[in-house]
Amino acid sequence: GIIRVSAAAAAVLLASSFADARYDKEREVKNILQRIEQDTLKLRDEIEIAYSKRCTIETLSQCSQSSFNGCSSVYPNQQCMEPDELVIEACAGGGGGGRCNALWDKTTSFVSIPSALAKGENGNPLDPEVIETACYTRLAEDHMRTKYENDEIFWDSYNVQPSWTYFGAHNGLFRQLPASVQEVCGIYDPRKRPWFVAASSGPKDVVIVLDVSGSMSDYGRLDLAKKAAITVVETLTISDRVAIIAFSDYAYQVHSGTDLLVRATNENKQLLIDQIQALTEGGATNFHAGFQQAFDALERTIRQEFTSGCNVAILFMTDGVNTAGPETNEVLQLIRNGTQRLATQYDRDTKIFTFSLGAQADRLATKEIACSTNGIWTPVDDFDGDLVGAMASYYKLFASGLGNETDFTTWVEPYEFFTGECILKRRCNPRHSIGSICVSLI
């Protein structure tokens, strides 16, 4: 009896010790996450202050000093990163076996812009607003530098090197500290990254409805539609739910094993991307079937409480005229019934974004469909249109819905290059968005 009592007492003490240790660790992790979120909020405030000073003498003076470019600048205090921090593939043929330590400068920031904006001399922007953004964001550099110095002290106790802090503007300009040398120039657009979209739109249910009828073989339209759909999928985060609907004579959901929207994890996104790439064209064009499948998937997902619980977006892309199934007026009635049901039964606001690809697309019907839900209709030409950019920008309509949440933050699942991120959308009153803040966590 004594042995059993002693053993039981020891087990209780041991369990209590483990519980205390677990509680201490959980509290420590919570404190770290709160610190990161508070740092992000502080940087948000600095960007807001910088924006408010964009027309002052101080800002104009900063502009005269220009900003470092991640592709062509030599930084004043650049140094090699440690091998466990970052290596790049830019040394093929050298002694590093095709890999070498990257360069960075912890004392300064750099800016980059997508190649579409770099139309001036030496790859500089011509757009006055982009130039203005480069100017006023420079005012936040001192805060970003001080933050990094404090982070080095804090993270040293965990034997961790602090990572980057950055701001992505709504016009495509990107500012980051520490400054680093980019391997490839002009391809990075913050507006198409998960951290930016998550901060801009909040959690959402997204259904992409793609026309795969026979005419989609013309002018490489299906390949363009695939690229656009994949870009949208890549911007989603674990807070979002997503489904892909393909339609021609009939419609079907592009995902094996479920008829619900799926959480946009890296694994699920890659599965959807693989299946989007495998789509082939053929058959007629049945708008009704595509929308019916979309609303059915949304309702099943909401009823089973697997939804994001927030915004609903249907992205509908077609290159043709409704040639199969019910007439266009019946399609519009289906949409009215579906959106009303989602609103009255599930308290969901649904926006439909339509994209008419090519000159033969029924622009009247697709425009009316979008307008019926206060969504956006976008015509896209075969040869000079930007379907990828248009579809990837749907989230901007949701940005105003975050206007009352002045301290809105969100987290993004780790993905390649950065191992995790906390991001924040900049808001002001009246509602106006200038970009998103991000603090990267390694």
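Below: a short report on this structure. This structure is a prediction, so every number in the text was calculated from the model and none was measured.

### Details of unusual backbone geometry
Here is step 1: Pro 178 follows Leu 177 through a cis peptide bond whose omega is 0°.
Here is step 2: Position of Pro 178 among the secondary structure elements: in the loop between strand E8 (174–177) and strand E9 (179–180).
Here is step 3: Positive phi is not limited to glycine here, since Asp 347 has a value of about 55°.
Here is step 4: Position of Asp 347 among the secondary structure elements: in the loop between helix H9 (328–346) and strand E15 (350–357).

### Observations regarding helix H10 (residues 363–371)
Here is step 1: Here H10 has its buried residues at Ala 365, Thr 366, Ile 369 and Ala 370. Projected down its long axis, H10 carries its buried residues within an arc of 130°, all on one side.
Here is step 2: Contacts from the buried residues of H10 go to helix H8 (287–303), strand E14 (311–318), H9, E15 and strand E16 (376–380).
Here is step 3: Measuring from the side-chain oxygen of the N-cap residue of H10 to the backbone nitrogen of Leu 364 gives 3.3 Å; that N-cap residue is Asp 362.

### As for the environment of Ser 200
Here is step 1: Mapped onto the elements of the fold, Ser 200 is located in helix H5 (residues 194–201).
Here is step 2: It is 10.0 Å that separates the C-alpha atoms of Ser 200 and Thr 410, two residues lying 210 residues apart in sequence.

### Some remarks on the packing of aromatic side chains
Here is step 1: Scanning the entire structure with this criterion turns up 15 aromatic pairs.
Here is step 2: The interplanar angle of 85° and the centroid separation of 6.3 Å between the aromatic rings of Trp 104 and Tyr 148 together place this pair among those described as edge-to-face. In this pair, Trp 104 sits in strand E5 (residues 103–105) while Tyr 148 sits in helix H4 (residues 141–156), placing the two residues 44 residues apart along the sequence. Across this residue pair, the class does not change: Trp 104 and Tyr 148 are buried.
Here is step 3: Consider the rings of Phe 110 and Phe 174, whose centres lie 6.3 Å apart with planes at 65°: the pair is edge-to-face.

### Structural notes on the packing of H9 against H10
Here is step 1: Where H9 contacts H10, the two axes come as close as 10 Å, and the packing angle between them is 15°. Between H9 and H10, the interaxial angle falls into the category roughly parallel. Considering only the axes of H9 and H10, their crossing is right-handed. On the side of H9, the interface is formed by Thr 328, Val 331, Leu 332 and Ile 335, while H10 contributes Ala 365, Glu 368 and Ile 369.

### Some thoughts on the packing of helix H6 (residues 221–235) against helix H7 (residues 266–277)
Here is step 1: One way to put it is that H6 packs onto H7 with a least axis distance of 10 Å and a crossing angle of 175°. With respect to H7, the element H6 is oriented roughly antiparallel. Mapping the contact onto sequence places Lys 226, Ala 229, Ile 230, Val 233 and Glu 234 in H6 and Lys 269, Ile 273, Ile 276 and Gln 277 in H7.
Here is step 2: Taken together, the residues of the contact of H6 with H7 sort by class into five nonpolar, one polar and three charged.

### Some points on the pattern of salt bridges
Here is step 1: Under the definition given, this model contains 18 salt bridges.
Here is step 2: Taking the shortest distance from any N to any O, the salt bridge between Asp 39 and Arg 35 comes out at 3.9 Å. Pair noted here: Asp 39 and Arg 35 are both in helix H1 (residues 2–52), with a separation of four residues, about one helical turn.
Here is step 3: Assessed through its relative accessible area of 25%, Arg 35 is described here as partly exposed.
Here is step 4: Residue Glu 141 pairs with Arg 145 through a salt bridge whose shortest N-O separation is 3.2 Å. Here the residue Glu 141 and the residue Arg 145 both occupy positions in helix H4, the gap between them amounting to four residues, near one helical turn.
Here is step 5: One network of salt bridges, in which partners are shared, links Arg 35, Asp 39, Lys 147 and Asp 151.

### Concerning the environment of Arg 138
Here is step 1: Inspection of the secondary structure puts Arg 138 in the loop between helix H3 (128–137) and H4.
Here is step 2: Arg 138 sits in the buried class, given a relative accessible area of 13%.
Here is step 3: For the pair Arg 138 and Ser 67, spaced 71 residues apart in the sequence, the C-alpha separation amounts to 7.5 Å.

### Some remarks on the sheet that holds strand E2 (residues 79–80)
Here is step 1: Strand order across the open sheet formed by three strands is E2-E5-E9, with antiparallel pairing between neighbours. Two strands close off the open sheet at either side, each with one partner strand: E2 and E9.
Here is step 2: Across two bridges, E5 lies against E9 in antiparallel orientation. Looking at the pairing, Asp 105 lines up with Ala 179 of E9.

### Here we look at the pairing of strand E11 (residues 241–247)
Here is step 1: Most of E11 is tucked away, with seven of its seven residues classed as buried.
Here is step 2: Neither face of E11 is exposed, since Arg 241, Ala 243, Ile 245 and Phe 247 on one face and Val 242, Ile 244 and Ala 246 on the opposite face are all buried.
Here is step 3: Bridging between strand E10 (residues 204–211) and E11 involves seven bridges; their strand directions are parallel. When the sheet's bridge partners are listed, Val 206 is paired in E11 with Val 242.

Rules used throughout
Residues numbered from 1 in each chain as written. Predicted model: local features only at pLDDT ≥ 70, side-chain atom pairs only at ≥ 80, totals over all residues. Heavy atoms only, no water. Helix = DSSP H or I, 4+ residues; strand = E, 2+ residues; numbered from the N terminus. Buried < 20%, exposed > 50% of the residue type's maximum accessible area, 1.4 Å probe, protein only. Arc of directions from axis to C-beta. Contact = heavy atoms within 4.5 Å. Polar contact = N/O pair within 3.5 Å; in protein donor to acceptor, adjacent residues only side chain to side chain. Phe/Tyr/Trp six-rings, centres within 6.5 Å; stacked < 30°, edge-to-face > 60°. Axes fitted to C-alpha atoms, helices over the stretch in contact; angles between N-to-C directions. Parallel < 35°, antiparallel > 145°, perpendicular 65-115°, else oblique. Left-handed = near helix turned anticlockwise from the far one by under 90°. Nonpolar A, V, L, I, M, F, W, Y, C, P; charged D, E, K, R; others polar. Salt bridge = Lys/Arg side-chain N within 4 Å of Asp/Glu carboxyl O. Pairing = 2+ DSSP bridges.

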